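Each chain is listed here by its residues.
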Amino acid sequence: MSNILDAASRVKWDRTAAAKRAVFLAAAAYGVKTLYPIICKQLCKNKDPRSNGRVSKAENGSTCSAKTQIDVATHRKTSPGVNAEFFKQILELAKILFPRLVSKELGLLSLHSVALISRTFLSIYVASLDGKIVKTIVEKKPKSFIIQLVKWLLIAIPATFVNSAIRYLECKLALAFRTRLVNHAYRTYFTDQTYYKVSNMDGRLANPDQSLTEDVMMFSQSVAHLYSNLTKPILDVMLTSYTLIQTARSRGANASGPTLLAGLVVFATAKVLRACSPKFGKLVAEEAHRKGYLRYVHSRIIANAEEIAFYRGHKVEMRQLQKCYRALADQMNLILSKRLWYIMIEQFLMKYVWSSSGLVMVAVPIITATGFADNETADGQTHVMVSERTEAFTTARNLLASGADAIERIMSSYKEVTELAGYTARVHNMFVVFEDVQRGVYKRSSLSAEGAEKKSKPEMHIDGPLEIKGEVIDVDNGIVCENVPIITPNGDVVVSCLNFKVEESMHLLITGPNGCGKSSLFRILSGLWPVYGGRLHKPSPQHMFYIPQRPYMSMGTLRDQVIYPDSVEDMAARGLSDKDLDAILDIVNLNHIITREGGWDAELDWKDVLSGGEKQRMGMARMFYHKPKYALLDECTSAVSIDVEGKIFQTAKDAGISLLSITHRPSLWKYHTHLLQFDGEGGWRFEQLDTATRLTLTEEKQRLEAQLAGIPEMQHRLNELCKILGDDSVLKTAEE
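What comes next is a walk through the structure. Computed from a predicted structure; not experimentally measured.

### Some details on the overall build of the protein chain
- Summing up its helical and strand segments, the protein chain has 25 helices and 12 strands in all.
- Across the protein chain, every contact between residues at least 6 apart in sequence was considered, and the portion connecting residues at least 24 apart equals 77%.
- Element-wise, carbon and sulfur atoms account for 59% of the exposed surface of the protein chain, whose accessible area totals about 41,600 Å².

This is the structure we're talking about:
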């Protein structure tokens, strides 16, 4: 004990040393505290094979909703990765990126390739120049040193330009790829009402907006960046290896040993990294999905802000947002934790193991080469080749460092390739869904189908994929339904077989309880829903005009609201002017808004500027502008006064427009000639409308309802009077 105390007394402790030791111990303790749970978790995961299901769930994090669970399950079945499916998807997308042999994208790719090749040759020249500069320093030749330094500075000008050009062309290439994909996606998205069918008829794309924006952007950037990160390094490895081998052989050294060592080290590193690499493609695809769902929840709150405020539902919505954000944060933390260990192993192998191997590879040829050996001159003096060996060592080390950096980037690119696989799967899936929807192939989620089956009767629901067996025939006049079923996208059969005929000058009133198929019939007539059976004769879409209960107000001027979806050029082609639009607004009693809002060229947020009744009248104004043969009116005047409503309907009839109206106002019955009535149980009745008789029956129904509604109150009051008077009633006695 005395010896230990004596040794301790001889140690010199000062404040600086004590502070350094304290900081070191604190850092070590913090590191152990942070890394110990992660290490234990990894060890437990490897030891317990029964926890695979739980680990898989932890990798994907908690879900946001039932909709998210379905998508996560889909991702687990087809996890994106570097496999044959990935290369197949890349080839299909490449046909979109390079539609023909001579294109802007191919030109940019060629320029980018030239810049990458030029940079490789410049790197080799700079490496040899570095060796010459070091040689002049060792030989103490200031004049040669200045000449070589001037060369080095002069070559820096094209080298820096090429470096800048590589970054510039990479960004231009990514933008060109994105433009090509966006143009193709927009064309398919807005063809045959795909934008409606993707969201309402098909359930595979949870957030089409994210697929069209962020996924396309990330895929384009990843492809362009990966091309740079693979093309130049591969070329660097080939040229630097060739230069090093030729240099060694020219000096009489055997290059087989260093070449074998390099191949062995690279092969071992690749095997280790591949074994340790997490499934970045699957993880990144899941992260992108959760980002999209979080954005969807935000947009949903913005779209329904007024309703949420009325209900004071901010706490519920905040909990939903926090839940979705936590799921996203968990996924991002999972990716970061996996990258921590992967990058640590990667850096250890590629920086330290490769550096030590590189020193051996450079040293062996110089030591064993006969061309670098000291030799005796004719006068008997020894010629020491220190400067030559230094030049060779510097050049070889720079070339080897360049080659090692290239191999490192190639091997690091595997992680980027797996991430690209995730983006490729999402973009390719988007185009597949677009093409399927255009061909009439719809796939709904199993959860939606189960929910629909619970709500409907077993005999009124179709399981499995829906087959489109119906026939749609475009005709000039008339609407004829022959054995046409009304089936929802979920497979609910609302009406099994519908038959009716609407001829010219006929006006059809459609009635029935909620959910009986009134609006669904309009969706079929408009072409939004397919005809699953029977035969439908109808005019072409330009002769039919649908007006919903809440008309859509577009971005643009007041004029654009009336002529929507036409443009000003289309209006001029029709031979119409602003005076004609004035007359149209006069029909719907909206001419006052021209002065109120600042004229036809005023640009405002019309969905907030116009009231509910004004928006409905604007929808009717569009009908008078387009003058269709048939107008599908879905409760489109519920917020309009009865007198203005009657004026609008009568003017439409006088203009020769056949009306197909869904309305509950008896005041509008007189403007229709026929009735299509649904009973809500799959039945229907089509007949000529006798307005007077129907109004009489309706008045009698309302009178009986009013009388029967008062009976319970009258009976209750009679019982109270009997108690107060202590008497019995004849009715009460009869009841007893």
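### A short note on the packing of aromatic side chains
- Scanning all chains against the criterion turns up 12 aromatic pairs.
- Each ring, one from phenylalanine 500 and one from phenylalanine 686, has its centre 6.0 Å from the other, and the planes form 45 degrees; the classification is tilted. Here the residue phenylalanine 500 occupies a position in strand β5 (residues 493–502), and phenylalanine 686 occupies one in strand β12 (residues 684–688), the gap between them amounting to 186 residues.
- Exposure remark for phenylalanine 500: the relative accessible area of 4% places this residue in the buried category.
- For phenylalanine 686, a relative accessible area of 26% corresponds to the partly exposed category.
- An aromatic cluster is present here, built from Tyr186, Tyr189, Phe190, Tyr195 and Phe434 joined pairwise through their rings.

### Structural notes on helix α22 (residues 612–626)
- The end-to-end C-alpha distance of α22, which contains 15 residues, comes to 22 Å, matching closely the 21 Å that a straight helix rising 1.5 Å per residue would cover.
- With 14 of 15 residues buried, α22 is to be regarded as a mostly interior element.

### As for the sheet that holds strand β6 (residues 508–511)
- Read from one edge to the other, the open sheet built from 6 strands follows the order β8-β9-β10-β6-β11-β12, with strand pairing classed as mixed. Among the strands making up the open sheet, the edge pair consists of β8 (544–547) and β12. With direction set aside, neighbouring strand axes in the sheet form an average angle of 15 degrees.
- In terms of strand pairing, strand β11 (residues 674–678) meets β12 through 5 bridges, oriented antiparallel. Looking across to β12, one finds that glutamine 677 is bridged to arginine 685.

### Some words on the pairing of strand β7 (residues 535–538)
- The pairing of strand β3 (residues 471–474) with β7 spans 4 bridges and is classified as parallel. Of the residues in β7, the one forming a bridge with glutamate 471 is arginine 535.
- Here 3 bridges tie strand β4 (residues 479–487) to β7, and the two strands are oriented antiparallel to one another. Pairing of valine 480 across the sheet is with histidine 537, part of β7.

### Notes on the pattern of salt bridges
- The full count for this structure, using the stated rule, is 22 salt bridges.
- Here arginine 665 makes a salt bridge to glutamate 645, at a shortest N to O gap of 2.9 Å. A residue pair is termed long-range when its members are at least 10 positions apart, and arginine 665 in the loop between β10 (658–662) and β11 and glutamate 645 in helix α23 (residues 642–654) qualify at 20 residues.
- Given the relative accessible area of 23%, arginine 665 is considered partly exposed.
- Taking the relative accessible area as the measure of exposure, glutamate 645 reaches 1% and is therefore buried.
- Here glutamate 687 and arginine 685 are joined by a salt bridge, their closest N and O atoms 3.2 Å apart.
- A relative accessible area of 37% places arginine 685 in the partly exposed class.
- Connected via shared salt-bridge partners are Asp202, Arg204, Asp436 and Arg439.

### Some remarks on the sheet that holds β5
- An order of β3-β7-β4-β5 is seen for the 4 strands of this open sheet, with the pairing classed as mixed. Whereas interior strands pair on both sides, the edge strands pair on one side only; in this sheet they are β3 and β5. Each strand axis lies, on average, 25 degrees off the axis of its neighbour in the sheet, ignoring direction.
- Running at roughly 120 degrees to β4, helix α16 (residues 518–526) makes contact with β4, β5 and β7 of the sheet.

### Section: a nonpolar patch on the surface
- A surface patch of nonpolar side chains, amounting to about 390 Å² of accessible area, comprises Ile146, Val150, Leu154 and Ile157.
- Mapped onto the fold, isoleucine 146 is located in helix α7 (residues 142–189).
- On the accessibility criterion, isoleucine 146 (51% relative accessible area) is exposed.

### Structural notes on the pairing of strand β9 (residues 630–634)
- Of all 5 residues in β9, 5 are buried; the element is thus mostly enclosed.
- Residues of β9 alternate between two faces, with Tyr630, Leu632 and Asp634 on one and Ala631 and Leu633 on the opposite face, all of them buried.
- Sheet topology note: the β8/β9 ladder contains 4 bridges and is parallel. The residue bridging methionine 544 from the neighbouring strand is tyrosine 630, located in β9.
- Sheet analysis places β9 next to β10, joined by 5 bridges and oriented parallel. When the sheet's bridge partners are listed, aspartate 634 is paired in β10 with isoleucine 662.
- Chirality of the crossover, the property in question, places the unit of β9, α23 and β10 among those that are right-handed.

About the cut-offs
- Residues numbered from 1 in each chain as written.
- Predicted model: local features only at pLDDT ≥ 70, side-chain atom pairs only at ≥ 80, totals over all residues.
- Heavy atoms only, no water.
- Helix = DSSP H or I, 4+ residues; strand = E, 2+ residues; numbered from the N terminus.
- Contact = heavy atoms within 4.5 Å.
- Areas by Shrake-Rupley, 256 points an atom, 1.4 Å probe, with all protein chains shown as cover.
- Phe/Tyr/Trp six-rings, centres within 6.5 Å; stacked < 30°, edge-to-face > 60°.
- Buried < 20%, exposed > 50% of the residue type's maximum accessible area, 1.4 Å probe, protein only.
- Expected span 1.5 Å × (residues − 1).
- Pairing = 2+ DSSP bridges.
- Axes fitted to C-alpha atoms, helices over the stretch in contact; angles between N-to-C directions.
- Salt bridge = Lys/Arg side-chain N within 4 Å of Asp/Glu carboxyl O.
- Patch = residues over 30% accessible without salt bridge, like charges linked within 9 Å, V, L, I, M, F, W, Y side chains within 5 Å.
- Right-handed = clockwise from strand over helix to strand, strands pointing away.

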